[in-house]
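# Observations on the three-dimensional arrangement
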Amino acid sequence: MGAFFCYNITMKLIVGLGNPGNQYHFTRHNFGFLALDFYAKIKNLSWEKSPKFNAIWLKSGDTIFIKPQSFYNDSGKSIREFSNYYKIDPNQIFVLCDDFTLPFGTTRFREKGSAGGNNGLKSAIATLQTTNFPRLRLGSANDQLRQRLGDTDFVLGRFTESERAQLPNILREITKHLDQFIS
């Protein structure tokens, strides 16, 4: 009789925060979507729609990537649905979000912590009922522009021309963070 092996595969969930719809493409609030789109493109991965989970998603190995299709402030629902369905522990959920208090192009990784004023993280914390999940904040600050526009119009505004020119290098660095979390 042959031996029976039981493998316990640890699934990971990587979440890019953003707003659905073309009108939000290349806005600061969609930095998380942009990072995942860049990653998928360089890794030759294809997105699928999941009406069941209200998300656009892809699976590569033991990692699921999602872009929730509810609005930014309500993105926790899709995170909870995927994590419950695939039985993913919160410490294996990696959330990418914009942060207008960090200098543009910088990133800040934390294993856990508060929402720090980010409504997408607040939604994730509320639905997962824990702050114990890793997150990468993507710096989008432009203080002069933010002062002129106000917070809401700033985060829903598009990157400036000079910021767009820097995005490929920034997105390559974010890709390194994603690869590190996956491995």
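For the structure, see preceding data.
Residues numbered from 1 in each chain as written. Predicted model: local features only at pLDDT ≥ 70, side-chain atom pairs only at ≥ 80, totals over all residues. Heavy atoms only, no water.

### Quick word on the pairing of strand E3 (residues 55-60)
Rules: When DSSP finds two or more bridges between two strands, those strands count as paired. Helix numbers and strand numbers start at the N terminus; a helix is a DSSP run of H or I with at least 4 residues, a strand a run of E with at least 2.
Bridge analysis of strand E2 (residues 48-50) against E3 gives three bridges, and the strand direction is antiparallel. The residue of E3 that forms the bridge with glutamate 48 is tryptophan 57. Here E2 folds back onto E3 in antiparallel fashion, the turn holding four residues, of which asparagine 54 has a positive phi close to 50°. For E3 and strand E4 (residues 63-68), the ladder comprises six bridges, and the chain directions are antiparallel. Across the sheet, the residue bridging to isoleucine 56 is lysine 67, located in E4. Connecting E3 to the antiparallel partner E4 that follows it, the hairpin turn spans two residues, and glycine 61 within it adopts a positive phi of roughly 65°.

### Notes on the packing of helix H1 (residues 31-42) against helix H6 (residues 161-182)
Packed helix pairs are specified by the crossing angle of their axes together with the interaxial distance, meaning the distance between the axes. To be explicit about the condition: To define axes, lines are fitted to C-alpha atoms, for helices over the stretch in contact only, and angles between the resulting N-to-C directions are given on a 0 to 180 degree scale. When describing relative orientation, an angle under 35 degrees is termed roughly parallel and one over 145 degrees roughly antiparallel, while 65 to 115 degrees is termed roughly perpendicular and anything else oblique. Contacts are assigned to residue pairs that have any heavy atoms within 4.5 Å of one another. When residue character is reported, Ala, Val, Leu, Ile, Met, Phe, Trp, Tyr, Cys and Pro are called nonpolar, Asp, Glu, Lys and Arg charged, and the others, Gly included, polar.
Where H1 contacts H6, the two axes come as close as 9 Å, and the packing angle between them is 75°. Between H1 and H6, the angle falls in the class roughly perpendicular. When H1 is examined against H6, the residues Phe31, Leu34, Ala35, Leu36, Phe38, Tyr39 and Ile42 are found in contact with a partner set consisting of Leu167, Pro168, Ile170, Leu171, Arg172, Ile174, Thr175, Leu178, Asp179 and Ile182. For the contact of H1 with H6, a count of residues per class yields 14 nonpolar, one polar and two charged.

### Digging into the side chain of serine 83
Among the structural elements, serine 83 can be located in helix H2 (residues 76-85). Setting aside residues no more than four positions away along its own chain, serine 83 makes contact with Leu13, Ile88, Ile93 and Leu128.

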